[in-house]
Number of protein chains: 2
Amino acid sequence: MANRKHNFSAGPCTLPLEVLEEAQAEFVDYQGAGMSLIEMSHRGKHFDQVATEAMALSMEVFEVPEDFSVLFLQGGAILQFSMIPMNLLHEGHKGGYVNSGTWARGAIQDAREYGEIYTAWDGASCDYTRMPSTRELAIQDNTRYLHITTNETIGGIRFPKWPDVEIPLVADMSSEYMARPLPWEKFDLVYGGAQKNLGPAGMAVVFVRKSILEKTNRKIGRYLRYDIHESKASMFNTPPVFPIYMFGKVLKWMKKHGGLAGMERRAADKAGTLYGAIDSSNGYYRCPVEVACRSHMNVVFRLPTEELEQAFLEEAAEAGFMNLKGHRSVGGCRASIYNALPGASVKALAEFMADFQHRNR
Amino acid sequence: MANRKHNFSAGPCTLPLEVLEEAQAEFVDYQGAGMSLIEMSHRGKHFDQVATEAMALSMEVFEVPEDFSVLFLQGGAILQFSMIPMNLLHEGHKGGYVNSGTWARGAIQDAREYGEIYTAWDGASCDYTRMPSTRELAIQDNTRYLHITTNETIGGIRFPKWPDVEIPLVADMSSEYMARPLPWEKFDLVYGGAQKNLGPAGMAVVFVRKSILEKTNRKIGRYLRYDIHESKASMFNTPPVFPIYMFGKVLKWMKKHGGLAGMERRAADKAGTLYGAIDSSNGYYRCPVEVACRSHMNVVFRLPTEELEQAFLEEAAEAGFMNLKGHRSVGGCRASIYNALPGASVKALAEFMADFQHRNR
């Protein structure tokens, strides 16, 4: 594909080109079956194979131990904000939440409808420029879980080290899903939307510790129950067929490129290139995030003035660097450099940044 | 496409071939933008145009009055089973439900978690072979809505006439969505999964009367609130991008083929062909459904013995007639003949049925 742009969208975002081309080739007639995969019964042999393989590969690539199950759900990470407290919190339980920014606040807001929720650390005081250390966390008695957002897409921060607490962690990993290893023993539940590192929009991938399913709440509608989805291998109702299919292809691509270790290395390289460009600009480009907490997925930066930012975004788009505008709630610039974004795109952006600075002192 | 099968799947199911081919052609590089539509920000200009057009066309094709809004949600019709009572039922309200079969029972089961629910008519006594007439409905005082399943996919029955009641109707139309006109004035909410008549799996399309949104429940998680989705034009969170895109194309195809009137006529023709084949078989093929309530979407039928049914299904598949097996809960055969299934496929099946009968007396 000749015309392919450098796509720094925060999500939905760049997918591996070979995955797109493969899906295109078999889109109308899937493997000679005489119909498209999206026209097939989700209980037929073709889709069953697709779903089974995506489940197995997600466990393998993300190095998930056997005491977890993977669920393919709908409603994005945001429906999980409700489902987690609905399922996990019982009478007398509390949910502890780290308020690390926009997405964490959303999780807290929804959880308050379903249980006693408190903020174990509040990033408001530092304007969400860093994550807390373990000793800053104020964990209360009877806390069922500590909820963290491992990477804040808008703020551009991530946990450099995992909180070392006695209670189980529950993590929203949407914007760095399958981009770094997890210490699974610390977690009861890990979730995220697919539309950044995993495939197209329309699916949340949830890993849940099987042993907690015996105690989840049953007095809720069936779509909202983890135990039901788990017992039916995510086929309780018609699943999001196309995102599952594409996720399977993305997982194969990840595996071919070194799995989780490969993704982590790629991310560190790309992030290193961009933060290097920022740090070597003599303050022309500024990243507001504390160095230790800089995201490897969403690189936020400012220019000396808003006028220069506007000019930067316009010239960048003309040069083929798309979707670099920061989130409307914070302004500035943001380069989202998810798994599938080629290193060459990041190198080209770093060069463009140096050139723009040179031309706009 | 030379090898295309006759696909009688109950859903996901046949989509218009021209829609699939169009999507395939632009899959990797959407309108010369240098990226796939599924890689684009859902807030960017390309997808905004896709979503806006799909919304406008769904209102136009389904002849929806302006006092309704259309919502593109995730979680299928089954999440609606929970969201409807969660949002609509307040203290002192009751929800009345028509138990017309498998899908209605699911709606009732989930609703019981969120309010006082009763069965206004129970099809169990007639083994779900028909829908009730209005005078058979036992509506209680303080009923907020009467929930109906306008077409039961498994039982193969539909409402020939709409219930004529004083309270608002709420309808699950999943398996006959946009295949017949609706008297909108009777309804507060109409919903259904997309994966039959509207496009690929992964989306529920919900039409909600705007005036009821002022009184819906706010003490629930944000993803579960109709008022929030409505106020954000279904862009509260990342929507199911690919199903919306495909829905837009299916709507254009519907419009080109006569809109709702065209779809209703096509359905009546196709259903007429198949029921004709059954009724003219001298009892070899039997449809258990009362004639007036026969579905125009899901034609269920039995053969003289289960052995013959097995032979029929096998020979049919060899001849290119796929997915004719009845639902596992009821057995027998079922031909789902949704909007996009060509009339030629139905005619060919009717001929195959006559031929099979001739060879297997």
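How each quantity is defined
- All residue numbers here refer to positions counted from 1 along the written sequence of the relevant chain.
- Chains carry letters from A onward and ligands carry numbers from 1 onward, assigned in written order.
- Since the coordinates come from a predicted model, pLDDT governs what is reported: local features require at least 70, and pairs of side-chain atoms require 80 or more to be given and counted, while whole-chain, interface and lining totals use all residues.
- Only hydrogens and water are set aside when side-chain values are computed; all heavy atoms of the structure are taken into account.
- Strands are runs of DSSP state E lasting at least two residues, helices are runs of H or I lasting at least four, and both sets are numbered from the N terminus onward.
- Summary of the burial criterion: residues with accessible area below 20% of their type's maximum are buried, those above 50% are exposed, and those between are partly exposed, where the area comes from a 1.4 Å probe applied to protein chains only.
- Here a polar contact is taken to be a pair of N or O atoms separated by no more than 3.5 Å, where protein atoms must pair a possible hydrogen donor with a possible acceptor and residues adjacent in sequence count only if both atoms sit in side chains.
- The contact criterion used throughout is that any non-hydrogen atoms of two residues lie within 4.5 Å.
- Think of it this way: a Phe, Tyr or Trp ring, Trp meaning its six-membered ring, pairs with another when their centres are within 6.5 Å, and the plane angle makes it stacked under 30 degrees, edge-to-face over 60, tilted otherwise.
- The quantity reported as buried area is the accessible area (1.4 Å probe) lost by two parts once they are put together, taken as the sum for both.
- The salt bridge criterion pairs a side-chain nitrogen of Lys or Arg with a carboxyl oxygen of Asp or Glu, the two atoms within 4 Å.
- We superpose the copies by least squares over the C-alpha atoms of residues that have a pLDDT of at least 70 in both of them.
- Strands qualify as paired when DSSP identifies two bridges or more between them.
- Bear in mind that the domain bounds are from an automatic or database domain assignment.

What is the right way to look at the side chain of Asp188(A) in this model?
Residue and element names in this part refer to chain A. In this fold, Asp 188 is placed in strand β9 (residues 187-193). For Asp 188, a relative accessible area of 6% corresponds to the buried category. Here the side chain of Asp 188 touches Arg 144 through a polar contact of 2.9 Å, side chain to side chain. Residue contacts for Asp 188: discarding those within four places in its chain leaves Phe 68, Arg 144, Pro 168, Leu 169, Phe 207, Val 208, Arg 209 and Ile 212.

Would you mind showing me how to read the packing of aromatic side chains here?
The relation between two aromatic rings is expressed through the spacing of the ring centres and the mutual angle of the planes. Tallied over the entire structure, the rule returns 46 aromatic pairs over all chains. Each ring, one from Phe242(A) and one from Tyr245(A), has its centre 6.1 Å from the other, and the planes form 45°; the classification is tilted. Placement of the pair is Phe242(A) and Tyr245(A) together in helix α6 (residues 241-256), with a separation of three residues, close to one helical turn. Here Tyr245(A) falls in the buried class, since its relative accessible area comes to 6%. A ring pair is formed by Phe62(B) and Tyr177(B), whose centres lie 5.6 Å apart and whose planes are at 90°; its orientation type is edge-to-face.

I would appreciate a short explanation of the interface of chain B and chain A in the present structure.
Accessible area lost upon the coming together of the parts is a frequently used measure of interface size. Across the boundary between the two partners, chain B contributes 68 residues, which contact 68 residues of chain A. The junction of chain B with chain A conceals about 5100 Å² of combined surface from both sides, 58% of it contributed by carbon and sulfur atoms. The largest share of the area that chain B buries against chain A comes from Val28(B), Glu39(B) and Arg222(B), three residues that together contribute 13% of it. Counting across the chain B and chain A interface gives six salt bridges. Among the ionic pairs, Glu113(B) bridges to Lys219(A), the shortest N-O distance being 3.4 Å.

So what exactly am I meant to see when it comes to the relation of the copies chain B and chain A here?
One chain copy maps onto the other through a rotation about an axis and a shift parallel to that axis. For the match of chain B to chain A, the screw axis carries a shift of 0.0 Å, the RMSD comes to 0.0 Å, and the turn is 180°. Taken together, the rotation angle and the small translation identify this as a two-fold axis. Interface overlap between copies is the fraction of interface residues in one copy that are interface residues in the other; for chain B against chain A it reaches 100%, indicating a shared surface.

Whenever I open this one, the pairing of strand β2 (residues 68-73) of chain B confuses me. Can you help?
Successive side chains on a regular strand alternate, one facing one side of the sheet and the next facing the other. Residue and element names in this part refer to chain B. Counting buried residues along β2, six of its six residues qualify, which places the element largely inside the surrounding structure. Burial of β2 is two-sided: the residues Phe 68, Val 70 and Phe 72 facing one way and the residues Ser 69, Leu 71 and Leu 73 facing the other way are all buried. In this sheet, strand β10 (residues 204-209) lies alongside β2 in antiparallel orientation, the contact comprising six bridges. Bridging from a neighbouring strand, Phe 68 pairs with Arg 209 of β10.

I'm lost on the domain arrangement of chain A in this one. Help?
Residues and elements named next belong to chain A. The domain architecture assigned to chain A consists of domain 1 (18-256) and domain 2 (259-359). Computed over C-alpha atoms only, the centres of domain 1 and domain 2 are separated by 27 Å. Contact with domain 1, which involves 27 residues of that partner, is made by 24 residues of domain 2. Of the roughly 2100 Å² buried at the junction of domain 1 and domain 2 (both faces included), carbon and sulfur atoms supply 59%. Contact with domain 2 buries area across many residues of domain 1, yet Ile 154, Arg 158 and Trp 253 alone supply 27% of it, more than any other trio. In this assembly, domain 1 and domain 2 are joined by one salt bridge. Its salt-bridge partner being Glu 290, residue Arg 130 comes within 3.8 Å of it at the nearest N-O pair. For the interface between domain 1 and domain 2, the tally reads nine residue pairs in polar contact (both at pLDDT 80 or more). Every element with two or more residues in the side of domain 1 that touches domain 2 is listed here: β6 (151-152), β7 (157-158) and α6.

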